[in-house]
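# Coordinate analysis (summary)
What follows is each chain in one-letter form.
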Amino acid sequence: MENKKILILGAGYTGLAAAIELNKSKVETHIVEKSDKAGGLSQTITLSDIKFELGPHIYFDKDTEVTAFWRDLVGDKFKSYERNNRIFYNGKFIKSPLSVWDTLFKLGPFSVISIIWSFIIAKIFRKRPINSAEDWVKANFGNQLFERFFKVYNEKIWGIKSSEISPNWAGQRIKSSLTTMVVKSLKKEHEFIIKTFDFPDGGSESIYNAQLNILNKAENVHLKYNCVATKISPSGSGFIVDFSNGEKGIYFSNIISSIHLSDLSKTLVGFPEVALNTLNNAINKLMYRNLVLVNLVFHKNEVKNFKEHWIDIHDPSITALRVTNFGNYNFGLSNSEKSGVGLEYNCFESEDIWTMSDEKIIEIALADLNKMGLIQDKPIDFSVIKLAKAYPIYFNAFEKQTEAIFSELIKIKGLELAGRNSMYKWNNMHHSVKTGILAARNCLGSKNNLFEVKGMVSIGKDSD
Ligand SMILES: Cc1cc2nc3c(=O)[nH]c(=O)nc-3n(C[C@H](O)[C@H](O)[C@H](O)COP(=O)(O)OP(=O)(O)OC[C@H]3O[C@@H](n4cnc5c(N)ncnc54)[C@H](O)[C@@H]3O)c2cc1C
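Description of the structure in this document. Everything quoted here is computed from the prediction, not taken from an experiment.

Of regular secondary structure, the chain possesses 16 helices and 19 strands. Taking 23 Å as the expected radius of gyration for a compact globule of 464 residues, we find that the chain reaches 23 Å, a close match to that expectation. Overall, the C-alpha framework of the chain stretches about 70 × 55 × 40 Å when taken along its three principal axes. By the burial criterion, 58% of the 464 residues in the chain qualify as buried. Residue pairs in contact within the chain that sit at least 24 positions apart in sequence constitute 72% of those at least 6 positions apart. Total accessible area computed for the chain in this model is approximately 20500 Å², and 53% of it derives from carbon and sulfur atoms. Across the chain, the 58 positively charged side chains and the 51 negatively charged ones have centroids separated by 4 Å.

Near the ligand there are 30 residues, and of these T14, E33, S42, N427 and M429 occur at the shortest range. A distance of 3.1 Å is found between an oxygen atom of the ligand and a backbone nitrogen or oxygen belonging to R420. A distance of 3.0 Å separates an oxygen atom of the ligand from a polar atom in the side chain of N421. Surface burial for the ligand is 90%, taken as the share of its 1000 Å² of free accessible area covered by protein chains. Only α1 (13-24), α15 (419-422) and α16 (429-443) provide two or more residues apiece to the shell around the ligand.

In spatial order, the strands read β10-β11-β12; together these three strands make up an open sheet with antiparallel pairing. Strand pairing shows two members of the sheet lacking a second neighbour, β10 (229-235) and β12 (250-252), which therefore form its edges. With strand direction ignored, the average angle separating the axes of adjacent strands in the sheet is 30°. Sheet analysis places strand β11 (residues 238-243) next to β12, joined by three bridges and oriented antiparallel. The residue bridging I240 from the neighbouring strand is Y251, located in β12.

The strand order β7-β6-β15-β16-β17-β14-β18 describes an open sheet built from seven strands, whose pairing is mixed. Either end of the sheet is taken by a strand with one partner, and the two such strands are β7 (92-96) and β18 (381-392). Taking the axes of each pair of neighbouring strands and ignoring which way they run, one obtains an average angle of 20° across the sheet. Inspection of the sheet shows strand β6 (residues 85-89) paired to strand β15 (residues 310-313) by four bridges, in the parallel sense. The residue of β15 that forms the bridge with I87 is D312. Helix α3 (residues 100-107) contacts β6 and β7 of the sheet and is inclined by roughly 165° relative to β7. Here helix α6 (residues 143-158) sits on the sheet in contact with β6, β7, β14 (288-299), β15, β16 (322-325), β17 (338-347) and β18, set at roughly 100° to β14.

Turning our attention to the pattern of salt bridges. Under the defined criterion, the tally for this structure stands at 15 salt bridges. Put simply, E65 and R441 hold a salt bridge, and the shortest N to O gap is 2.6 Å. Here R441 lies in helix α16 and E65 lies in helix α2 (residues 64-74), a separation of 376 residues in the sequence. Judged by its relative accessible area of 26%, E65 falls in the partly exposed class. Residue R289 pairs with E351 through a salt bridge whose shortest N-O separation is 2.9 Å. One end of the pair, R289, is in strand β14; the other, E351, is in the loop between β17 and α12 (352-355), and 62 residues separate them in sequence. For R289, a relative accessible area of 3% puts it in the buried group. Beyond isolated ion pairs, a larger network of salt bridges with shared partners links E21, K24, E65, K434 and R441.

What counts, and at which threshold
- Residues numbered from 1 in each chain as written.
- Predicted model: local features only at pLDDT ≥ 70, side-chain atom pairs only at ≥ 80, totals over all residues.
- Heavy atoms only, no water.
- Helix = DSSP H or I, 4+ residues; strand = E, 2+ residues; numbered from the N terminus.
- Rg over C-alpha atoms; globule rule 2.2 N^0.38 Å.
- Buried < 20%, exposed > 50% of the residue type's maximum accessible area, 1.4 Å probe, protein only.
- Contact = heavy atoms within 4.5 Å.
- Areas by Shrake-Rupley, 256 points an atom, 1.4 Å probe, with all protein chains shown as cover.
- Lys, Arg positive; Asp, Glu negative; His and termini not counted.
- Charge placed at Lys NZ, Arg CZ, Asp CG, Glu CD.
- Near = heavy atom within 4 Å.
- Polar contact = N/O pair within 3.5 Å; in protein donor to acceptor, adjacent residues only side chain to side chain.
- Pairing = 2+ DSSP bridges.
- Axes fitted to C-alpha atoms, helices over the stretch in contact; angles between N-to-C directions.
- Salt bridge = Lys/Arg side-chain N within 4 Å of Asp/Glu carboxyl O.

Here it is in structure tokens:
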């Protein structure tokens, strides 16, 4: 341990979990964070005293180690809630988790018969090979369910056609068959979908603030904000690193990266074992979806028709992907006269909304809320947050590129890739925490394969 000096790139959930784990062994640990705040994508933000997450964040995990990790940090504040959602489709709100009777009533008998018929046709006659998410959903659920529920929503998420999305995406996400879903739904057993989730009182910031409290008190841990590594070179069995704050030539025995692969590869200089051209070519082929978050503060009585945690929007006439009522989460503000509503818009850099003024974006958001009949009033306050590269896209054959990338980076001994960005994983928080913990243990001698950690919660009984 004496020779260990570890550098963590990024203070999101991955970097913080790694630091907490390393702190247990009192190893010298340095964390550099590009922004002026910890928490990354799991940040809680405050607007006019009202709290929002960066999109709805629910905590759900079957891995007892990660759940215990969160509970250790905030104790009783980590509470369970019954999930309450709706789907907006064809101008109607449909219950979610789907109830057969509600869906039948909202869609009407003609639609339901055509859905069942197309499912039967798919099961009996569809023999085409499965090369895309579209093929996968059509083969397992039929053309009608694909067209009505999967296509619009997923193409809003990804910005590319479902025929260009990897079948792995759908296969990982949906683990139940239609028959199981219908039977369970009729029996009112929604085991195929998450029925309850956890959420810490006060939001995610109560978790990362608890981590920061521990780390800030630890003499062996050093956290720098507004700082990045600018050059990483090999040195004996470790690394020599330069930083943007002017510090140069600092030795580290190990590095844990939770930052985007392109940002990491830019810093690598002088690793003869790595084919940098191959690495950078493959990294350049990766695709990401940006996220525009609109946060609006309303008088509480203006949002009285919005009892859900969030509503998934499958209706093509609405631009937003999802709308969340943060007033229905426990941020400890139950007496407030105000409520926070957030809308998500996924886009590429080339799309208008990415470069539009905040005022124009707010107009789109208010028009969306209006069309859905949710809120008609003007907000008391608003903010627009733009997150670049928020979602790694599982385009067809993305595995070929990630394989090329990881087979090069794996050659750098002492470098651990963990979390969403460095593993190119559309992941959940538990994946970031788990891989952060395992990366820390690997730096101390363990040999965990982080790529075996499952990345997301799926819809299905066998969900990870
Ligand atoms: C809209 C949305 C909703 C979500 N909902 C859920 C949910 O309900 N449940 C769930 O479990 N998960 C959810 N997630 C996923 C969850 O937010 C992520 O899994 C998790 O926050 C990722 O943590 P991370 O530390 O791996 O990465 P990040 O949070 O991205 O952290 C990386 C950190 O590195 C910093 N950084 C970047 N570049 C550098 C650099 N060069 N040097 C130093 N620092 C750098 C960043 O500023 C950031 O702080 C959601 C994600 C989104 C986008």
